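# Summary of structural features
Given next are the chains, with one letter for each unit.
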Amino acid sequence: MSDNFDALIAALPDLRSGVFITLQLTVGGVVLAFVIAIVLGLGARSPRWPARVPSRILIEFFRGTSLLVQLFWFFYVMPLFGIKLDALLCGVLALGLNYGAYAAEVVRGAINSVPKGQWEAATALSLSPVRKLRKIIWPQAWAIMIPSLANLAVMLLKGTAVAYIILMHDLTWETDQLRQTTGNTFFAYGVGMIGYFLIAYLMVLGANALERHAKRRLGQGPPKGGLFSVRITDKATAAPMPAANAGGGGAGAGGGVV
Amino acid sequence: MDWWSWDRALEVLPELLVAFVQVTLVATVIGSVIAAVLGLIIAITRRTAPAFIARPVHAVMEFIRMTPIVIQLLFVFYTFNTVDGMTLGVIVLGVHYASYMAEVYRSGIDAVPKGQWEAATALSMSPARTWRKVVIPQALRTTLPALGTWVISMLKDTPYLTVIFVVDMVRQAENYGSRTFVYTESITMAGLIFLAASYPTSVLLRRLEKRLATY
Amino acid sequence: MPPTDSTAVTGQPAIRFENVVKKFGDNTVLDDLNFDVRRGERVTLIGPSGSGKTTILRLVMTLEHLTGGYIYVDGEPLTHLEVNGRRVERRPKDIARSTQKIGMVFQQFNLFPNMSVLENITEAPVHVLGRSSEEARTRGLELLDMVGLADKAEEHPTRLSGGQQQRVAIARALAMDPEILLLDEVTSALDPELVGEVLGVLRDIAKSTDITMLIVTHEMQFAQDVSHRVLMFDGGKIVEEASPDVMFTSPTHERTRSFLQAVL
């Protein structure tokens, strides 16, 4: 066992750089996904078809084709058109587009679930469409969408492990290196999985704090489940499922966000 | 070089479809059955078992849900290196998605009105019979669409099996590319096959959800 | 107290409904409606639910799409105008210019939960009318004082009672200096003991300003006290039109009589 720990200590610099690659993919992917989610999410609920139809098509396309297909497309196909992308950029693009398409549905659903009266009151005050969306509707939709977006962000983090397939030296790759040096699968992969778990859990904690803040601004009570709970939402419809740690009370079980 | 050749697309299509049926579909179907059954068992365990069992089960599920499938596949592959990749892959997919489906069942079970339990108690039904005849049938109705969306999600995760050397459709597409030095058609066709399989299914699920909701 | 009839000066009513038709799908809610509201006049619409009263207010606020006919505000077409005998929709920018003169108070208050009470009131004056924030703030505090909530300026709207929220909503509408104020069943969502404070504020406003008001309410005493004219609606048409004194004491139409008997 002490051999394992010696190997672990020796491998720490590599593991650290692996975590760094994983974090780069995650942060880049989340930022891109968020931008895409806002653009496509707003586009998909536009009354004008030149905005709505392309948004809908892009959402269905990037949700419907697998993440790995999209990654390979950037990695193998783009160079054939003379666009050689760095592996990290390929990863960020594929992750951002894939999860951005899912997140667009979250954004759309959250905006739609802001009460109609809020839109009407803003109209009655003659606020411009942009100001209405930005100052009145968005802050309220934001509080609704945080748990679902956090779930997608965790899924995106898990998705970054595909980078291993295009031979990037991310956390998964370095985990496997540790297996080879220690010859102990259980130990090495235990370290790797705990690494992913910790990153994911930190993301959940951050999201819970964000949600608490957003709800306080709206004068609502703290979200149920508390700061440390992990809540699961439906990936495709982004409908919230009840808080994992809060017993009973099946609020919003099915299709709360349409 | 032309940037798209229908000849190549048609040439690669048969081998992609074979891999799709033999690996992608088989893994999704068996994986879904494992996930659906295991998920239900976990959901019921968490509701009925004493805390010293329910808590650890919950913690393990949370851990599985928050770590990548890819690393889970590699871990299981190197731990049980005598079992073939497809078998391991299907089990890993099934267990991973059971951690999601357990939550779906849980919300479905929570959504069964308290009055149903009370009515069953008033009729002196045994707990086992109440679960089997009253709660689960009602919970299943409401959870069906959500379970379905996780099945579609699993379908699109099957290419990860490639890390334990199972040649799925996407790996097949990549192999074709490395044989011919042209990846465009094979990878695009693989993506389109996924789209053709998942999009109609999700439309059907949405319809099913509406039908179940109006009832 | 008769309305200050400046119609004589400008020749234009505050609001004019001309052959107004509103359908929801196959359901005709308003059927060829014609009436004027003079400047400074306070008109109350009464009638059974589903008779189209609220729809009228929502059409004026452009919250509903006008199916047919025209609405004029200050003599200017609101959403549609006639060009060479054809009915065409106005540009959003032009519509916005007209709707700036109109304020509305809703049944459900609809305060913005992401803003303080004062921010609710100053948001539109600053960002729509282009007033300075100090100016808007001073005016906002004045209005809050007027509705008896000067001490709640920094409070969060969700912490207020329904009656207080509705008074803030009234102050918010007034902060835009509307020429026309639409009151849509403003007490219907309130607990009975909170109705009085809201109606009291509205009575004061009616007494001290000459804002044109179009009111939908079930509070018949209030309607009698503040309105110059009452219109009885049924099935999307005006059944009877009279001064409040006549309407509430000796209505001529049978439909009005049975309606008032049911609600009074």
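In the nomenclature of an unreviewed UniProt entry, chain A is known as Ectoine/hydroxyectoine ABC transporter permease subunit EhuC of Occultella glacieicola. Turning to chain A, the UniProt record has this under Subcellular location (unreviewed entry): "Cell membrane". According to the UniProt record, the Sequence similarities (unreviewed entry) comment for chain A reads "Belongs to the binding-protein-dependent transport system permease family."

### Some thoughts on the overall build of chain A
If you tally the helices and strands in chain A, you get eight helices and zero strands. Tracing chain A from N to C terminus, the helices and strands come up as α-α-α-α-α-α-α-α. Evaluated residue by residue, chain A yields a buried proportion of 56% over its 258 residues. In chain A, the share of contacts with a sequence separation of at least 24, taken over all contacts with a separation of at least 6, comes to 65%. Of the roughly 10,500 Å² of accessible surface on chain A, 69% is carried by carbon and sulfur atoms.

### Some points on the interface of chain A and chain B
Listed by partner, the interface residues are 56 residues for chain A and 51 residues for chain B. Taken together, both faces of the contact between chain A and chain B bury some 4,600 Å²; the carbon and sulfur share is 71%. Of all residues in chain A, A:Leu80, A:Lys158 and A:Met193 give up the largest surface area on contact with chain B, accounting jointly for 13% of the area buried on that side. Note that A:Glu60 is salt-bridged to B:Arg206, the shortest N-O span being 3.7 Å. Linking chain A with chain B are 10 residue pairs in polar contact (both at pLDDT 80 or more), by the criterion used here. Counting residues per element, the ones that place at least two in the side of chain A that touches chain B are helix 2 (49–64), helix 3 (67–77), helix 6 (129–159), helix 7 (171–182) and helix 8 (185–217) of chain A. Ranked by the residues each element gives to the side of chain A that touches chain B, the list is headed by helix 8 of chain A, at 11 residues. Of the residues contributing to the side of chain A that touches chain B, the split by class is 35 nonpolar, 14 polar and seven charged.

### Brief notes about the sheet that holds strand 3 (residues 42–46) of chain C
Residues and elements named next belong to chain C. Ordered in space as 8-9-10-3-11-12, the six strands form an open sheet in which the pairing is mixed. If you trace the sheet from one side to the other, it starts and ends with strand 8 (102–105) and strand 12 (237–242), each paired once. Between one strand axis and the next, the sheet turns through 20° on average, direction left out of account. Both strand 11 (residues 229–234) and strand 12 contribute to a ladder of five bridges, which runs antiparallel. When the bridges of strand 12 are listed, Phe233 appears paired with Ile238. Across the sheet, helix 10 (residues 254–263) is in contact with strand 3, strand 11 and strand 12; its angle to strand 11 comes to roughly 95°.

### A word on the UniProt feature "domain: ABC transmembrane type-1" (unreviewed entry) in chain A
Feature annotation in UniProt places "domain: ABC transmembrane type-1" (unreviewed entry) on residues 19–204 of chain A, given in this structure's numbering. A distance of 18 Å separates the end C-alpha atoms of residues 19–204 of chain A, which is 81% helix and 0% strand.

### Quick word on unusual backbone geometry
Residue and element names in this part refer to chain A. Its identity as a non-glycine residue notwithstanding, Ser126 has a phi of 65°, on the positive side. Along the chain, the position of Ser126 falls in the loop between helix 5 (116–124) and helix 6. Notably, Leu167 is not glycine yet its phi reads approximately 65°, a positive angle. Tracing the backbone shows Leu167 in the loop between helix 6 and helix 7. A residue is classified by how much of its surface remains accessible, and Leu167, at 59% relative accessible area, is exposed.

### Remarks on the packing of aromatic side chains
All told, the structure shown has 25 aromatic pairs over all chains when counted by the stated rule. With 5.2 Å between their ring centres and 75° between their planes, A:Phe72 and A:Tyr76 make a pair best called edge-to-face. With A:Phe72 and A:Tyr76 both in helix 3 and four residues apart, this pair spans about one turn of that helix. Aromatic side chains A:Phe186 and B:Phe75 sit 5.6 Å apart centroid to centroid with 55° between the ring planes, which places their arrangement in the tilted category. Separated into two different chains, A:Phe186 in helix 8 and B:Phe75 in helix 3 (residues 69–79) make up a pair that spans both. Clustering of aromatic rings is evident, with ring pairs tying together A:Phe186, A:Tyr189, B:Phe75, B:Phe77, B:Tyr78 and B:Phe165. Here the guanidinium or amino end of A:Arg179 rests over the ring plane of B:Tyr78, the centre of that ring lying 3.3 Å away.

### Let's talk about the packing of helix 2 of chain A against helix 4 (residues 87–112) of chain A
All names here are of chain A. Contact pair helix 2 / helix 4: the axes reach a minimum separation of 8 Å and the direction vectors enclose 130°. Judged on the interaxial angle alone, helix 4 and helix 2 are oblique. Considering only the axes of helix 2 and helix 4, their crossing is left-handed. Of helix 4, the residues touching helix 2 (which contributes Arg56, Ile59, Phe62 and Arg63) are Leu97, Asn98, Ala101, Tyr102, Ala104, Glu105 and Arg108. Residue classes in the contact of helix 2 with helix 4 are distributed as six nonpolar, one polar and four charged.

### Some details on the interface of chain A and chain C
Listed as interface residues are 20 residues of chain A and, on the opposing side, 24 residues of chain C. Here chain A and chain C share an interface that buries about 1,800 Å² over both sides, 59% of which is from carbon and sulfur atoms. Among the ionic pairs, A:Glu120 bridges to C:Arg58, the shortest N-O distance being 2.5 Å. At the boundary of chain A and chain C, one finds nine residue pairs in polar contact (both at pLDDT 80 or more). Contributing elements (two or more residues each) for the side of chain A that touches chain C: helix 5, helix 6 and helix 8 of chain A. Of all the elements, helix 5 of chain A adds the most residues to the side of chain A that touches chain C, at eight residues. In terms of residue class, the side of chain A that touches chain C is built from eight nonpolar, six polar and six charged.

### Structural notes on the UniProt feature "transmembrane region" (unreviewed entry) in chain A
Residue and element names in this part refer to chain A. Sequence positions flagged by UniProt for "transmembrane region" (unreviewed entry) are, in local numbering, residues 20–45, 57–76, 82–102, 141–166 and 186–210. Segment residues 20–45 splits into 96% helix and 0% strand. End C-alpha atoms: 37 Å apart. In residues 82–102, helix accounts for 76% and strand for 0%; the two terminal C-alpha atoms are 30 Å from one another.

### So, the sheet that holds strand 4 (residues 68–73) of chain C
Residue and element names in this part refer to chain C. Spatially, four strands are ordered 2-1-4-5 in an open sheet, and the strand pairing comes out antiparallel. Of all the strands in the sheet, just strand 2 (27–37) and strand 5 (76–77) have a single pairing partner and so form its edges. Strands in contact with helix 2 (residues 53–60) are strand 1 (15–24), strand 2 and strand 4; relative to strand 1, the strand with the most contacts, it is inclined by about 115°.

### A look at the nonpolar core
Counting residues in hydrophobic clusters, the biggest one holds 165 residues, and the most contacted among them are C:Ile15, C:Phe17, C:Leu45, C:Leu182 and C:Leu214. The element that contributes the greatest number of residues to this core is helix 4 of chain A, accounting for 15 residues. When sequence neighbours within four positions are dropped, the list of residues in contact with C:Ile15 reads C:Phe35, C:Asp36, C:Val37, C:Val60, C:Ile71, C:Tyr72, C:Ile180 and C:Leu214. Within the second largest apolar cluster, 36 residues are counted, among which are C:Ala153, C:Ala171, C:Ala175 and C:Val195.

About the criteria used
Residues numbered from 1 in each chain as written. Chains lettered and ligands numbered in written order. Predicted model: local features only at pLDDT ≥ 70, side-chain atom pairs only at ≥ 80, totals over all residues. Heavy atoms only, no water. UniProt positions renumbered as here; feature names shortened; annotations may be inferred. Helix = DSSP H or I, 4+ residues; strand = E, 2+ residues; numbered from the N terminus. Buried < 20%, exposed > 50% of the residue type's maximum accessible area, 1.4 Å probe, protein only. Contact = heavy atoms within 4.5 Å. Areas by Shrake-Rupley, 256 points an atom, 1.4 Å probe, with all protein chains shown as cover. Buried area = accessible area lost by both parts, 1.4 Å probe. Salt bridge = Lys/Arg side-chain N within 4 Å of Asp/Glu carboxyl O. Polar contact = N/O pair within 3.5 Å; in protein donor to acceptor, adjacent residues only side chain to side chain. Nonpolar A, V, L, I, M, F, W, Y, C, P; charged D, E, K, R; others polar. Pairing = 2+ DSSP bridges. Axes fitted to C-alpha atoms, helices over the stretch in contact; angles between N-to-C directions. Phe/Tyr/Trp six-rings, centres within 6.5 Å; stacked < 30°, edge-to-face > 60°. Lys NZ or Arg CZ within 6 Å of the ring centre and 35° of its normal. Parallel < 35°, antiparallel > 145°, perpendicular 65-115°, else oblique. Left-handed = near helix turned anticlockwise from the far one by under 90°. Core = buried A, V, L, I, M, F, W, Y, C linked by side-chain atoms within 4.5 Å.

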